[in-house]
Amino acid sequence: MRVPIALAVGVAAVLATLIAQWQAVVALITGAVVTAVTQVLVEVWKRRKAQLVDNVNRVVDRVVSQFPRKYRDYVASTLRYIDQKGLATIGEANPDLDDVYVDVSMAPMAPHQADAGMLPGGLKDPMERRDLAHFLDEQMPAVLAVVGVPGSGKTTLLRHTARFICQQPKGRRRSVPILLYLRDHVDAIAEDKTILLPELVRESIGRLAASEPTGWFGDQLANGRCVVLLDGLDEVAGQGNRRLVAAWVERQARQYPDNDFVITSRREGILDAPIHGSQMLQTRRFTQAQVRRFVNRWYLAMERMSSKPGDDQVPQRAKAAANDLLGRLDSAPGLADFTANPLLLTMIANVHKYRGALPGSRTNLYSEICQVMLWRRQEAKNLPIGLSGDKKEQMLRALAYRMMTAGVGELKRADVLDEFAPTLRKLSTPLTAADILADVSSNGLLIEREEGLYAFAHKTFQEYLAARYINENAKGDELIYRVDDAYWEETILLYTTMAAADDIIRGCLASGTANALSLALKCLEQRDVLELEPDVRDELASLLTIERFDQATAHQRRTTATILAHRYTMSWAHPRRGVRIAERPVPADIYRIFELEQGRAREGEATGACGGMSGVRAEQFCRWFNDLLDSDQAYRLPRRTELDNHTGSDIDSRLVWVKDEAIGVWARHGKPHLVTRAALFNALRHDLQHLPTVFLLLVLHAYRTAHAPSDFPEQDQKAPRAAPTEVSGTLRAALRMARSAGDDEVLVPLIGRLERIALVSEERRQSQWYQDLAEITEEIFAEVPEADPLLSASSLAEAHIGRPFAAAVLKISGEPTSAPVRKFIEALADRSELSAWDEWDAPPEALPALLRAVLARLAKLFTRPDAWPYRAMDLLGSLLPLADAENPVIDPGDARLARLVCFGLSALTRSDNDDLALRLLDVAAGFTLLESRTDRTADSDETIVLVADWSKITHPRTGP
């Protein structure tokens, strides 16, 4: 069908019209949309203009701002120096924290198990000790509550951690440290419980906060880049405020969960206001190594500050001063425990440098400790003190005196309150006795050991405060009647640093007991004791002269020994807990008295350290020493591992008797009782490096070979026999040895005669040469007694070569050799069990029992007549008294005899019983050790170092 043209044109016109109209509609709609969007954007811009500009500015600020660097510099600089505020004695300048800091170790522990007093000691130190850095900057953030006793270094730990992060931020997940002292922000938190951490940070950094890019701290916390260090929850006053602050800390940890949080507190603070969800860590006491490290660093820092630049003597002066302090601490009673506390150690170092040498000034030290713990530190931190420090100390003095006179180390809470109440009634204060008890307990001088039972943190504080009470209340006469009571000894010694000591010492001399006389000498030795009257000093000094020992009565010696023993132990054996190792050996004067009481006497001076005793005698000394001090067997020889782990004393260069399963000797370096296979072989070679001996064996072998078979004893017929035709070969070997002897006066004259005998024997003219051989054999036999141990008898008529040596002779007579002696020695060693033997490493005490056991086994093995083994056993048995001596001395001849006999018997028993063959070489090595100790090529000066082991003593004395 055809469509009319007109229709088509009409349709096209209609379509064109519609399209034109649609374009207009689209344009209209587009314009309307653009207008609407523009209006919306304008409205958004009007409403959000400030916020958008602020966000852009913040981004720009963070890109170009130097605030992160400025903040780290600020934190590092404010924490540069060690904080000594509150200490009574300080120097002209504070040392740098980095120069003296020694890391405080941590150990996980439940709050109720943590130490309460300033001197931790109730629990054994855990095996695992880790620093704070071990717990920080891990993938999983940590919330840590670090609990420590007063002065244990909690604040210094946080200060050092913050400074370290500032100095080395690279590579850390959390590189922004935030350190806040909670006591400074209690009011802000109490006023607004919703206040956030960034606001408190800004308050703490002063004018630097003005340059913070907007929201920078909030952003760092939100992104988990911070280590938040919050110090001193226990320093927040009032239980309500502490719990309020603890709750705020928990909210911050939830608000910013990707950051590390560390909160420090004493035990009471964290028990009163626990941080839920935190891991509990306790600071640990300083080890000996840490104490030495701190003292050396502290003195080096102080010398650098007080010296001119370029002074190259600074290290030497610092080392000398540090060694002086450490040495005095080693010899100071009662101070060793104090060094485990970083604060007290710092105070000790200050007192030593600026107030004089310790231990003479320990009274000053104890006074400063009480001041610092009771009020000085609180004052330095602007914390409320309540009752004045001297009033609190006055109350503690009365309490200490009451406890000393009652002979107790603990009092019930009600008794403590009763003691405080009378003093409080005289003062115009609203504080109650319970308030004072809570105060002094939180400061660490008085602690609650068990629920409702209170004690001083260390008995030294009880003794010192009691001495102060006695002095201030003129009760010194009471002490005269207590000079024989060891319980009061330290109190009396401290009292004599505050008042004249003459009356006390006269009381000691009047008593005359060992305890009293020992106390008198200790008073005499105190550097801060007031001058004594000359007659008192002279009478004391005459007590301990060495010349008195031999002439003194048994009672006098016993008394003197007790005094000396007390003086020896006072520097290291107290207080009576744990295991304590002496820093020096037992003095020779004490050991001299022990020997006298045992019925033995040595010549020479009894000065310095004891030495040269046997291990058995060392054990006997320990028993005597315990009986002397009535110490319930607390003193013993050390174990090897205890000395391995013990450093910093003057025993490192000594040989020390130890007792594990058996008695032994410890040395820091080397093995003093070691005899190696090479050493034993060299000793054998030295024994046989004697041409006449081997020459005699060759001649004697030729002489016996020429006899009829009936002339040989049974044992020689068992050995390889040389045929008569080989006699000339043996003589030729002897001739070669004689020619190599140089100018030997025994062998050289025999050369011509031997040549004739060898020639005649080769021509088989026996009647012409045998008599000459017999004469030469008899002559040489008389000239060479060194061969005796190798023979079956001492007379030529009965002497035959022992089987093991005969075999070695055949080894060198059967073939020409340029070194017959060496070949002989090697042959003997090869036939013994030397190749399977390793070494000997036991003290001389082990030899007698071994020798007896070996002789008993040999007697069972050789049951039929066998000339040389029987004689060998007799010779070996004759050496038993030498080995049994307390300090065995052996001459080279006896040592040689023992070795030759043992090597020969080892060769004989090798195929029968390998273990016996090896034990025989042990005996040879034991005598070799004795020989080297006798001629001083090996150290033989073993000494005794005592260990005070109170760990198993369950009933220590607590009172009179």
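Residues numbered from 1 in each chain as written. Predicted model: local features only at pLDDT ≥ 70, side-chain atom pairs only at ≥ 80, totals over all residues. Heavy atoms only, no water.

An unreviewed UniProt entry annotates the protein as NACHT domain-containing protein of Actinokineospora terrae.

1. Examining the overall build of the protein
The secondary structure content of the protein amounts to 40 helices and 16 strands. The burial tally for the protein puts 52% of its 960 residues in the buried class. Considering only residue pairs separated by 6 or more positions, the protein has 73% of its internal contacts joining residues 24 or more positions apart. Surface exposure of the protein reaches about 44,100 Å², of which carbon and sulfur atoms provide 51%. (Helix = DSSP H or I, 4+ residues; strand = E, 2+ residues; numbered from the N terminus. Buried < 20%, exposed > 50% of the residue type's maximum accessible area, 1.4 Å probe, protein only. Contact = heavy atoms within 4.5 Å. Areas by Shrake-Rupley, 256 points an atom, 1.4 Å probe, with all protein chains shown as cover.)

2. Points about the nonpolar core
The tendency in soluble globular proteins is for nonpolar side chains to be buried as a group. Core analysis: the biggest nonpolar cluster contains 89 residues, and Leu680, Phe695, Phe824, Leu876, Leu905, Val923 and Phe927 have the highest contact counts within it. What Leu876 contacts, discounting residues up to four positions off in sequence, is Leu851, Leu855, Ala898, Val901, Cys902, Leu905, Leu920 and Val923. Counting 85 residues, the second-largest nonpolar core is a separate cluster that includes Val295, Phe338, Ala400 and Ala467. (Core = buried A, V, L, I, M, F, W, Y, C linked by side-chain atoms within 4.5 Å.)

3. A few points about the pattern of salt bridges
Throughout the structure, instances matching the rule amount to 32 salt bridges. A salt bridge links Glu393 to Arg397, with the nearest nitrogen and oxygen atoms 3.0 Å apart. Residue Glu393 and its partner Arg397 are both found in helix 14 (residues 389-406); the two are separated by 4 residues, about one turn of the helix. Judged by its relative accessible area of 6%, Glu393 is buried. Among the residues examined, Arg397 registers a relative accessible area of 10% and is labelled buried. Connected via shared salt-bridge partners are Glu393, Arg397, Arg468 and Glu472. (Salt bridge = Lys/Arg side-chain N within 4 Å of Asp/Glu carboxyl O.)

4. Quick notes on the pairing of strand 6 (residues 279-283)
Of all the 5 residues making up strand 6, 4 are buried; the element is thus mostly covered by neighbouring parts of the structure. Bridging between strand 1 (residues 106-108) and strand 6 involves 3 bridges; their strand directions are antiparallel. What sits directly across from Ala107, in strand 6, is Gln282. Two strands pair when backbone bridges link them, and strand 2 (residues 143-147) and strand 6 are joined in this way by 4 bridges, in the parallel orientation. The partner of Val147 across the bridge, within strand 6, is Gln282. (Pairing = 2+ DSSP bridges.)

5. Quick word on the sheet that holds strand 7 (residues 411-412)
Taken in spatial order, the 3 strands line up as 7-9-8 in an open sheet, and their pairing is antiparallel. Of all the strands in the sheet, the pair left with one neighbour each is strand 7 and strand 8 (446-450). Inspection of the sheet shows strand 7 paired to strand 9 (residues 453-456) by 2 bridges, in the antiparallel sense. Bridging from a neighbouring strand, Leu411 pairs with Tyr454 of strand 9. Where helix 14 meets the sheet, it contacts strand 7, strand 8 and strand 9, and its direction lies at approximately 100° from that of strand 9. (Axes fitted to C-alpha atoms, helices over the stretch in contact; angles between N-to-C directions.)

6. So, the state of the cysteines
Counting across every chain of the model gives 0 disulfides. Here Cys610 stays unpaired: no disulfide links it, and the sulfur of Cys622, its closest cysteine neighbor, is 10.0 Å away. (Disulfide = S-S within 2.5 Å.)

7. So, the packing of aromatic side chains
A complete count under the given rule lists 18 aromatic pairs for this structure. When the centroid spacing of 5.2 Å and the interplanar angle of 50° are considered together, the rings of Tyr591 and Phe594 count as tilted. One end of the pair, Tyr591, and the other, Phe594, are both in helix 25 (residues 588-597), 3 residues apart, so they sit about a helical turn from each other. The pair Tyr591 / Phe594 is uniform in exposure class, with both members buried. Aromatic pair Phe594 and Phe621: ring centres 5.4 Å apart, planes at 90°, arrangement edge-to-face. Of this pair, Phe594 sits in helix 25 while Phe621 sits in helix 26 (residues 615-629), placing them 27 residues apart in sequence. Judged by relative accessible area, which is 0%, Phe594 ranks as buried. (Phe/Tyr/Trp six-rings, centres within 6.5 Å; stacked < 30°, edge-to-face > 60°.)

8. Digging into helix 15 (residues 413-425)
One full turn of an α-helix is made of 3.6 residues, so residues set three or four places apart face in the same direction. An ideal rise of 1.5 Å per residue puts 18 Å on 13 residues; helix 15 measures up with 18 Å between its terminal C-alpha atoms. Of all the positions in helix 15, only Val416, Leu417, Glu419, Phe420, Thr423 and Leu424 are classed as buried. Summarising the contacts, the buried residues of helix 15 are in contact with helix 14, strand 7, helix 16 (433-442), strand 8 and strand 9. (Expected span 1.5 Å × (residues − 1).)

9. Regarding the packing of helix 29 (residues 691-705) against helix 31 (residues 727-739)
Relative to each other, helix 29 and helix 31 sit at 160°, their axes nearing to 9 Å. One element, helix 29, and the other, helix 31, form an angle in the roughly antiparallel class. In the crossing of helix 29 with helix 31, the sense of the turn from one axis to the other is left-handed. Contact residues: Leu691, Val694, Phe695, Leu698, Val699, His701, Ala702 and Thr705 in helix 29; Val727, Thr730, Leu731, Ala733, Ala734, Met737 and Ala738 in helix 31. Among the residues forming the contact of helix 29 with helix 31, the class breakdown is 12 nonpolar, 3 polar and no charged. (Parallel < 35°, antiparallel > 145°, perpendicular 65-115°, else oblique. Left-handed = near helix turned anticlockwise from the far one by under 90°. Nonpolar A, V, L, I, M, F, W, Y, C, P; charged D, E, K, R; others polar.)

10. Some points on the side chain of Asp272
Locating Asp272 in the fold gives a position in helix 9 (residues 267-272). A relative accessible area of 15% means that Asp272 is categorised as buried. Of the polar contacts made by the side chain of Asp272, one reaches the side chain of Arg242; its length is 3.0 Å. Ignoring any residue separated from it by four or fewer positions in sequence, one finds Asp272 in contact with Gln239, Arg242 and Arg243. (Polar contact = N/O pair within 3.5 Å; in protein donor to acceptor, adjacent residues only side chain to side chain.)

11. What about the pairing of strand 3 (residues 176-181)?
Burial runs high along strand 3: 5 of the 6 residues are buried. In the sheet, strand 3 pairs with strand 4 (residues 226-231) via 6 bridges, with the strands oriented parallel. Pairing of Tyr181 across the sheet is with Asp231, part of strand 4.

12. A word on the packing of helix 28 (residues 677-688) against helix 39 (residues 892-909)
Their axes nearest at 10 Å, the elements helix 28 and helix 39 cross at an angle of 105°. Here helix 28 lies roughly perpendicular to helix 39, going by the angle between them. Residues Leu680, Ala683, Leu684, Asp687 and Leu688 of helix 28 form the contact with helix 39, whose participating residues are Arg896, Arg899, Leu900 and Phe903. Residue composition of the contact of helix 28 with helix 39, grouped by class: 6 nonpolar, no polar and 3 charged.

13. Quick notes on the sheet that holds strand 11 (residues 635-636)
Reading across from one edge, 10-16-11 is the order of the 3 strands in this open sheet, with antiparallel pairing throughout. The open sheet is flanked by strand 10 (579-581) and strand 11, the only strands paired with a single partner.

14. Some words on the environment of Asp98
Along the polypeptide, Asp98 turns up in helix 3 (residues 97-100). Within polar-contact distance, the side chain of Asp98 engages the side chain of Arg163 at 3.0 Å.

15. Here's the deal with the confidence of the model for the protein
Scored by pLDDT, the protein has a mean of 79; 78% of the residues are at 70 or more. Element-level pLDDT for the protein is lowest in helix 30 (residues 714-718), with a mean of 39, against a maximum mean of 96 in strand 4. For residues 120-127, every residue scores under 50 in pLDDT, and the model assigns this stretch 15 contacts once sequence neighbours within four places are set aside. (pLDDT = per-residue confidence, 0-100.)

16. Topic: the environment of Met305
The topology assignment puts Met305 in helix 10 (residues 288-306). For the pair Met305 and Asn94, spaced 211 residues apart in sequence, the C-alpha separation works out to 8.8 Å.

17. Focus: a negative patch on the surface
On the surface, a cluster of negative charge is contributed by Asp187, Glu191, Asp192, Glu199 and Glu203. Put simply, the parts of the chain that give the negative patch at least two residues each are helix 5 (186-191) and helix 6 (197-204). Its place among the elements puts Glu203 in helix 6. (Patch = residues over 30% accessible without salt bridge, like charges linked within 9 Å, V, L, I, M, F, W, Y side chains within 5 Å. Lys, Arg positive; Asp, Glu negative; His and termini not counted. Charge placed at Lys NZ, Arg CZ, Asp CG, Glu CD.)

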